[in-house]
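Below are the chains, spelled out letter by letter.
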Amino acid sequence: MNEIEILEGNVFKDIINTFKNIFGTSKEEVNESVRNRLQDVLKVARDIGSDKSISNLEKNIDYVGKLKKKLVRGLLKYDIHMNSNDLCVNNIINFSLMKFDNKLFLHLLEKENIFVSTTTACCGKNKSVVLNEIYKDDIISKTCIRISLSHLNKMQEVNEFLKVFDKLYNKK
């Protein structure tokens, strides 16, 4: 059994059926499209030497979970609103600063060579539409920060981020 056959298990049956229903294409056309995209993804993964990462997926997910847990625990010491929870994507942490301009804080972090984001796929330029719908709070939706983690991050980087965050947050 090759990688494509493994990846085309039950998960892709659902994707194929969804595409078929939305676009009115035949299962064979969708299946061929999905198969081609999977081959492209696997080729890129092999080209950049990531098949080791793919084969260690569970280990990597657990490791990123530990990084996230440490980061969240450290951030909860401050007057922030944690927007991420256990149901969110494992490698993303989203929180709102509440008392700070998020763009200013982002630039202060950049000066320390720490790079985060103030936007997400759900965000407009100045406010998160999704957070605004969930919380109905302009401050939460306008002051969010997004941190992305991967298995390539080190616990030392999380510790350094928390140290710098503390310094900047308490500078006022």
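Residues numbered from 1 in each chain as written. Predicted model: local features only at pLDDT ≥ 70, side-chain atom pairs only at ≥ 80, totals over all residues. Heavy atoms only, no water.

## What to know about the packing of aromatic side chains
Heads up, the rule is: Stacked, edge-to-face and tilted labels apply to pairs of Phe, Tyr and Trp rings (six-membered ring for Trp) whose centres lie within 6.5 Å, assigned for plane angles under 30 degrees, over 60, and everything in between, in that order.
The tally for this structure, following the rule as stated, stands at eight aromatic pairs. Here the aromatic residues Tyr78, Phe95, Phe100, Phe105, Phe161, Phe165 and Tyr169 are joined through ring pairs into a cluster of three or more.

## Focus on the nonpolar core
Generally speaking, soluble globular proteins have nonpolar side chains that are buried together. Selection criterion: What is meant by a nonpolar core is a set of buried Ala, Val, Leu, Ile, Met, Phe, Trp, Tyr and Cys residues, joined one to another through side-chain atoms within 4.5 Å. Residue burial is assigned from relative accessible area. The probe radius is 1.4 Å, only protein chains are included, and a residue is buried under 20% of its type maximum, exposed over 50%, and partly exposed in between. Strands are runs of DSSP state E lasting at least two residues, helices are runs of H or I lasting at least four, and both sets are numbered from the N terminus onward. By definition in these notes, contact holds between two residues if any of their heavy atoms fall within 4.5 Å.
Counting residues in each nonpolar core, the largest one holds 27 residues, and the members touching the most others are Leu71, Leu75, Ile93, Phe95, Ile147, Phe161 and Phe165. When contributions to this core are tallied by element, the ones reaching two or more residues are helix 5 (57-75), strand 2 (92-96), helix 6 (102-111), strand 3 (144-148) and helix 9 (155-169). Looking at which element gives the most residues to this core, the answer is helix 9, with seven residues. When neighbours within four sequence positions are excluded, Leu71 is seen to be in contact with Ile93, Ile147, Leu149, Val158, Phe161 and Leu162.

## Regarding the side chain of Asn83
Threshold: Nitrogen and oxygen atoms within 3.5 Å of one another constitute a polar contact, given that in protein one can donate a hydrogen and the other can accept it, and given that sequence-neighbouring residues count only through two side-chain atoms.
Secondary-structure assignment places Asn83 in the loop between strand 1 (81-82) and strand 2. At a separation of 3.0 Å, a polar atom in the side chain of Asn83 contacts the side chain of Ser96. The residues contacting Asn83, other than those within four sequence positions of it, are Cys88, Asn94, Phe95, Ser96, Leu131, Tyr135, Ile140 and Cys144.

## Regarding helix 9
Given 3.6 residues to a turn, an α-helix orients residues that are three or four positions apart in the same direction. Quick note on the threshold: Helix span is expected to be 1.5 Å times the residue number reduced by one.
In this model, helix 9 (15 residues) spans 21 Å end to end at C-alpha, consistent with the 21 Å of a helix rising 1.5 Å per residue. Turning to helix 9, its buried residues number three or more, namely Val158, Phe161, Leu162, Val164, Phe165, Leu168 and Tyr169. Among the structural elements, helix 5, strand 2, helix 6 and strand 3 are those in contact with the buried residues of helix 9.

## What about the pairing of strand 2?
Note the cut-off: Whether two strands pair comes down to DSSP finding at least two bridges between them.
Along strand 2, five of the five residues are buried, which leaves the element largely enclosed by surrounding structure. Alternating residues of strand 2 divide into Ile92, Asn94 and Ser96 and Ile93 and Phe95, and every residue in both groups is buried. Alignment of strand 1 against strand 2, held across two bridges, turns out to be antiparallel. When the sheet's bridge partners are listed, Met82 is paired in strand 2 with Phe95. Direction of pairing for strand 2 relative to strand 3: antiparallel, over a ladder of five bridges. Residue pairing in the sheet places Ile92 in a bridge with Ser148 of strand 3.

Honestly, that's just the spatial picture; any functional story needs more than this.
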